[in-house]
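Structural overview for review
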Amino acid sequence: MKNNQENELLNTWLSITNIQTNINHELEKVLQENHNLSLKEFYVLYFLSQTDDKQLRLQQLQEMIGLSQSAISRLVGRMEEKSCGALQRHICEDDRRGIYTRLTSLGEVKLQRALRTFHHVLQSVLGEEHLQRELHFLVNKL
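Notes on the structure follow.

**Remarks on the overall build of the protein chain**
Secondary structure summary: the protein chain contains 6 helices and 3 strands in total. Counted from the first residue to the last, the protein chain has its helices and strands arranged as α-α-β-α-α-β-β-α-α. In terms of overall size, the protein chain is more extended than a compact globule, its C-alpha atoms giving a radius of gyration of 19 Å where 142 residues would be expected to give roughly 14 Å. For the protein chain, the spread of C-alpha atoms along the principal axes amounts to about 60 × 35 × 25 Å. Every one of the 142 residues in the protein chain was classed for burial, and the buried ones make up 35%. At a minimum sequence separation of 6, the contacts of the protein chain that also span at least 24 residues come to 55%.

Below is the structure:
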C-alpha cells in the first residue's frame with residue numbers, strides 16, 4: 001500500500017514539474033523571439049530591478065539564478081556588451097574582491113518591455129481552463 005502512495009506522490013510531482021518545464025520553454029521561446037533575451041537573462045534584469053540601488057554582487061546573482069560562477073560571469077559579460085548594454089559591472093570600493101553589476105537605463109527599458117511579454121504569456125498559459133483544473137487537482141493530491 002505504501003509503495004502505491006509513494007508512486008502516486010512521485011507521479012503528481014512529475015506532473016507538476018512537467019507543467020513548469022513547459023511554461024519555462026514557452027517563456028524562453030517568446031522572450032528570445034520578441035526581446036532577444038533568454039529566461040536567465042530576464043531573471044538577471046528582474047532581480048536587479050528589485051533592489052533599491054539596482055545592483056547586486058555577482059555572487060548574489062549566481063545564487064539567485066542558479067548558475068556557476070563562470071556561467072554567471074559570462075552571462076553578465078554578454079549583457080554588458082555594447083550590443084545589449086543592459087548592465088554595467090563595477091568593483092566594490094570597500095571590498096576590491098566584490099564585483100557588482102548594475103542595471104542601466106537601457107536595461108530598465110528592456111526589462112519593462114520584456115515584463116509585459118512575460119506577464120502576457122503567464123496569463124495566457126495559466127488562464128487556460130484545463131491547466132487550472134489540472135493544477136487544482138494536482139495540488140489537492142499533495
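**Some thoughts on the sheet that holds strand S1 (residues 55–57)**
What links the strands of a sheet is backbone hydrogen bonding, and the strands pair in either a parallel or an antiparallel sense. Strand order in this open sheet of 3 strands is S1-S3-S2, and the pairing throughout is antiparallel. Two strands bound the open sheet, and with one partner strand each, they are S1 and strand S2 (87–91). Geometrically, the sheet is characterised by an average inter-axis angle of 25° between neighbouring strands, direction not taken into account. Sheet topology note: the S1/strand S3 (residues 99–103) ladder contains 3 bridges and is antiparallel. When the bridges of S3 are listed, arginine 57 appears paired with tyrosine 100.

**Points about the pairing of S3**
Bridging between S2 and S3 involves 5 bridges; their strand directions are antiparallel. Following the sheet pairing, arginine 89 is matched in S3 by threonine 101.

**What to know about the pattern of salt bridges**
Proximity of charged atoms lets side chains of opposite charge pair with each other. Under the defined criterion, the tally for this structure stands at 3 salt bridges. As a salt-bridge pair, glutamate 80 and arginine 89 come within 3.2 Å of each other at their nearest N and O atoms. Among the ionic pairs, glutamate 129 bridges to arginine 133, the shortest N-O distance being 3.2 Å. Here glutamate 129 pairs with arginine 133, and both are found in helix H6 (residues 129–141), just 4 residues apart, close to one helical turn.

**Some thoughts on the packing of helix H3 (residues 58–65) against helix H4 (residues 69–80)**
Remark: H3 packs on H4, axes separated minimally by 9 Å, with the N-to-C direction vectors making an angle of 105°. The angle between H3 and H4 falls in the class roughly perpendicular. Here H3 contributes Leu58, Leu61, Gln62 and Ile65 to the contact with H4, which in turn contributes Gln69, Ile72 and Val76.

**As for a nonpolar patch on the surface**
Where nonpolar side chains cluster on the molecular surface, the patch consists of Leu10, Trp13 and Leu14 and spans about 320 Å² of accessible area. With respect to the helices and strands, leucine 10 occurs in helix H1 (residues 2–35).

**Looking at the nonpolar core**
Membership of the largest hydrophobic core comes to 33 residues, with the highest contact counts inside it found for Val44, Leu45, Leu61 and Leu87. When contributions to this core are tallied by element, the ones reaching two or more residues are H1, helix H2 (39–49), H3, H4, helix H5 (105–126) and H6. Residues contacting leucine 61, with those up to four places away along its chain left out, are Val44, Phe47, Leu48, Leu56, Gly66, Ile72, Val76 and Thr101.

Each value, and the rule that gives it
Residues numbered from 1 in each chain as written. Predicted model: local features only at pLDDT ≥ 70, side-chain atom pairs only at ≥ 80, totals over all residues. Heavy atoms only, no water. Helix = DSSP H or I, 4+ residues; strand = E, 2+ residues; numbered from the N terminus. Rg over C-alpha atoms; globule rule 2.2 N^0.38 Å. Buried < 20%, exposed > 50% of the residue type's maximum accessible area, 1.4 Å probe, protein only. Contact = heavy atoms within 4.5 Å. Pairing = 2+ DSSP bridges. Axes fitted to C-alpha atoms, helices over the stretch in contact; angles between N-to-C directions. Salt bridge = Lys/Arg side-chain N within 4 Å of Asp/Glu carboxyl O. Parallel < 35°, antiparallel > 145°, perpendicular 65-115°, else oblique. Patch = residues over 30% accessible without salt bridge, like charges linked within 9 Å, V, L, I, M, F, W, Y side chains within 5 Å. Areas by Shrake-Rupley, 256 points an atom, 1.4 Å probe, with all protein chains shown as cover. Core = buried A, V, L, I, M, F, W, Y, C linked by side-chain atoms within 4.5 Å.

Nothing here speaks to function; it is all geometry.
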